[in-house]
Amino acid sequence: MSYDGTISMNRKLTEEETHELRIKLIPYFTTDGGMGVDDMADFLDYIFTMVSNSKAVEYVVKELDGFCSPETSKKIGQELAT
């Protein structure tokens, strides 16, 4: 499945959007290396910061490649683009 990596938000995420996205993304981190709860929370906060700062999906995916597998990064990119 492909996605438009140029998509970015032009506003901050709402609390509800952040909560919904957190629920969607958590499974990717529990299956990719068994990240600890504190590390996972920090990592998700980093993703939300990039999204809220209008970073394009492709930028976020490139940043994630250093922390998780490329497959996981791409799956997260797909979630962010939808």
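This next bit is on the pattern of salt bridges. All told, the structure shown has 2 salt bridges when counted by the stated rule. Between Arg-22 and Asp-45 there is a salt bridge; the shortest N-O distance is 3.2 Å. You can see Arg-22 sitting in helix 1 (residues 15–31) and its partner Asp-45 sitting in helix 2 (residues 37–52), a full 23 residues away along the chain. On the basis of relative accessibility, which here comes to 24%, the residue Arg-22 falls in the partly exposed class.

Relative to the assigned elements, Thr-72 resides in helix 4 (residues 70–81). For Thr-72, a relative accessible area of 9% translates into the label buried. The sequence separation of Thr-72 and Tyr-28 amounts to 44 residues, and the corresponding C-alpha distance is 6.4 Å.

Once that is clear, we can look at the nonpolar core. Counting residues in hydrophobic clusters, the biggest one holds 21 residues, and the most contacted among them are Leu-25, Phe-29, Ile-47 and Leu-80. Considering each element in turn, this core owes the most residues, 7 residues, to helix 2. Discounting residues that sit within four places of it in the chain, Ile-47 has contacts with Leu-25, Phe-29, Val-60, Leu-64 and Leu-80.

Further remarks concern the packing of helix 2 against helix 3 (residues 57–64). The interhelical angle for the contact between helix 2 and helix 3, taken along N-to-C directions, is 155 degrees, at an axis separation of 10 Å. Looking at the two axes, helix 2 sits roughly antiparallel to helix 3. You can see that helix 2 and helix 3 cross each other, and the crossing is right-handed. Between helix 2 and helix 3, the contacting residues are Phe-43, Tyr-46, Ile-47 and Met-50 on the first element and Tyr-59, Val-60, Glu-63 and Leu-64 on the second.

Glancing now at helix 3. Within helix 3, burial applies to Val-57, Val-60, Val-61 and Leu-64. Looking straight down helix 3, one finds that the buried residues subtend no more than 100 degrees of arc, so they occupy a single side. Looking at the buried side of helix 3, the elements it contacts are helix 2 and helix 4.

With 12 residues, helix 4 extends 16 Å between its outermost C-alpha atoms, agreeing within 8% with the 16 Å of an ideal straight helix rising 1.5 Å per residue. Restricting attention to buried positions, one finds in helix 4 the residues Thr-72, Ser-73, Ile-76, Gly-77, Gln-78, Leu-80 and Ala-81.

Conventions and cut-offs
Residues numbered from 1 in each chain as written. Predicted model: local features only at pLDDT ≥ 70, side-chain atom pairs only at ≥ 80, totals over all residues. Heavy atoms only, no water. Salt bridge = Lys/Arg side-chain N within 4 Å of Asp/Glu carboxyl O. Helix = DSSP H or I, 4+ residues; strand = E, 2+ residues; numbered from the N terminus. Buried < 20%, exposed > 50% of the residue type's maximum accessible area, 1.4 Å probe, protein only. Core = buried A, V, L, I, M, F, W, Y, C linked by side-chain atoms within 4.5 Å. Contact = heavy atoms within 4.5 Å. Axes fitted to C-alpha atoms, helices over the stretch in contact; angles between N-to-C directions. Parallel < 35°, antiparallel > 145°, perpendicular 65-115°, else oblique. Left-handed = near helix turned anticlockwise from the far one by under 90°. Arc of directions from axis to C-beta. Expected span 1.5 Å × (residues − 1).

Read these as geometric descriptors, not functional statements.
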